[in-house]
Amino acid sequence: MIHYMNRLKKIKEKLLKIMFVKRCVGCGQLLAYDYDGYMCDTCYEKWEDEKTEVCPNCMEEHVKCECRFYNSRVDSVRHLAPYSSQDEENVANMLVYALKRSNDSDVFDFVANEMADNLVNKKKLENTVCVGVPRGPRNIKKYGYDHAKKLAKRLAEVLEIGYADVLFHKGGKTEQKKLDHVEQRRENARKNCSIKKKTIDNIRGKNILLVDDIGTTGSMATACAELLKEHGALRVDCILCTRNEGKS
Ligand SMILES: [Zn+2]
Ligand SMILES: [Zn+2]
């Protein structure tokens, strides 16, 4: 009987290990199932370095940078670290990839907590609701979820503030990333972005914390801010995982 119980115990331990597979939220390598943390040591060190790299525009560390988007109705922008498509080990790039494709709750937990840490003025969050920049319907169908909305919802939980699912993407044929000029991107974003009439009451008279994974020219964020303000939002502050300084 004791022998049998021991065998059961061993099987249970093995199952636990398989069920709670833990992966680095950056590079995706397997971590020990009882590993304390979201990232492998290599990614963690690199991520800390990326956050404190100096922004070439304001000369502040990226984690403190408040560079505005060009000619935008977004009131402020914060981001965690710079994006680099050239650097294969760029953790910001890996995180964006994981947010868009993996639907792993650890990735969302990690980024939401990093975002919460980045928002220094938490007192200002009274009367604020989180809103996600909407993902195109083709990508929702392809990956099965809307990553920025999911991130916004998680961030709202971490910050203990409201969340509103109020925007949607109309699914125009042209993808933002295929357009080079700010004006084209702004026009396309405005065409694609729309508001859910039924949920407008959730943002009227509120400050909005607008959440997205990556910002380039801020065109989608700008289109969202315009819509939200047209429908009674007071302020729109934006928080991004990363910013692509390469295209502006
Ligand atoms: Zn890693
Ligand atoms: Zn800056």
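Up top is the structure.
Keep in mind the model is a prediction, meaning the values are calculated, not measured.

(A) How the structure looks around the overall build of the chain. The secondary structure content of the chain amounts to eight helices and nine strands. The C-alpha atoms of the chain give 20 Å as radius of gyration, which agrees with the globular expectation for 248 residues (18 Å, within 12%). Considered along the principal axes of its C-alpha atoms, the chain spans approximately 70 × 40 × 40 Å. Expressed as a percentage of the 248 residues in the chain, the buried residues total 38%.

(B) Local environment of the nonpolar core. One finds Leu95, Val111, Val131, Leu210, Val211 and Cys224 to be the most contacted residues of the largest nonpolar core, which totals 58 residues. Sort the elements by how many residues they give to this core and helix α3 (residues 91-101) lands first, with seven residues. With near-sequence residues (within four places) excluded, Cys224 lies in contact with Val133, Leu167, Cys193 and Leu210.

(C) Summary view of the packing of helix α7 (residues 182-192) against helix α8 (residues 219-230). In contact at an axis separation of 8 Å, α7 and α8 are set at 45° when each is read in the N-to-C sense. Overall, the two elements α7 and α8 adopt an arrangement that is oblique. Of the two elements, α7 crosses α8, and the hand of that crossing is right-handed. Here α7 contributes Val182, Arg185, Arg186, Ala189 and Arg190 to the contact with α8, which in turn contributes Ser219, Met220, Thr222 and Ala223. Here the contact of α7 with α8 is composed, by residue class, of four nonpolar, two polar and three charged.

(D) The arrangement of unusual backbone geometry in detail. Despite not being glycine, Asn71 shows a phi value in the positive range, around 45°. Considering the arrangement of structural elements, one finds Asn71 in the loop between α2 (41-51) and β3 (76-82). Even without being a glycine, Asn127 presents a positive backbone phi close to 60°. Tracing the backbone shows Asn127 in the loop between α4 (105-118) and β4 (128-132).

(E) Structural context of the environment of His79. Along the chain, His79 turns up in strand β3. Put simply, His79 and Thr242 are 163 residues apart on the chain and 5.4 Å apart in space, counted from C-alpha to C-alpha.

The rules behind the values
- Going along each chain's sequence as written, the residues are numbered from 1 onward.
- Chains and ligands are labelled by the order in which they are written, letters from A for the one and numbers from 1 for the other.
- Owing to the predicted nature of the model, reporting of local features is limited to residues with pLDDT of at least 70; listing and counting of side-chain atom pairs is limited to 80 or more, with chain, interface and lining totals taken over all residues.
- Helix and strand labels come from DSSP, where a helix needs a run of H or I of at least four residues and a strand needs a run of E of at least two; each type is numbered from the N terminus.
- For a compact globule the rule gives 2.2 Å times the number of residues to the power 0.38, and the radius of gyration it is set against comes from C-alpha atoms.
- Any residue with 12 or fewer other C-beta atoms within 10 Å of its own C-beta is exposed, any with 20 or more is buried, and the rest are partly exposed; the C-beta atoms used are placed from the backbone.
- In this usage, the nonpolar core is the set of buried Ala, Val, Leu, Ile, Met, Phe, Trp, Tyr and Cys residues whose C-beta atoms join them within 7 Å.
- Placing a C-beta atom from the backbone of each residue, one calls two residues in contact when those atoms lie within 7 Å.
- In this analysis an axis means a line fitted to C-alpha atoms, helices contributing only their contacting stretch, and an angle means the value between N-to-C directions, from 0 to 180 degrees.
- By definition in this entry, angles of less than 35 degrees are roughly parallel, angles greater than 145 are roughly antiparallel, angles of 65 to 115 are roughly perpendicular, and the rest are oblique.
- It is the rotation of the near helix from the far one that decides the hand of a crossing: anticlockwise by less than a right angle makes it left-handed, clockwise makes it right-handed.
- Under the grouping applied here, Gly and all other residues not named as nonpolar or charged are polar, the nonpolar ones being Ala, Val, Leu, Ile, Met, Phe, Trp, Tyr, Cys and Pro and the charged ones Asp, Glu, Lys and Arg.

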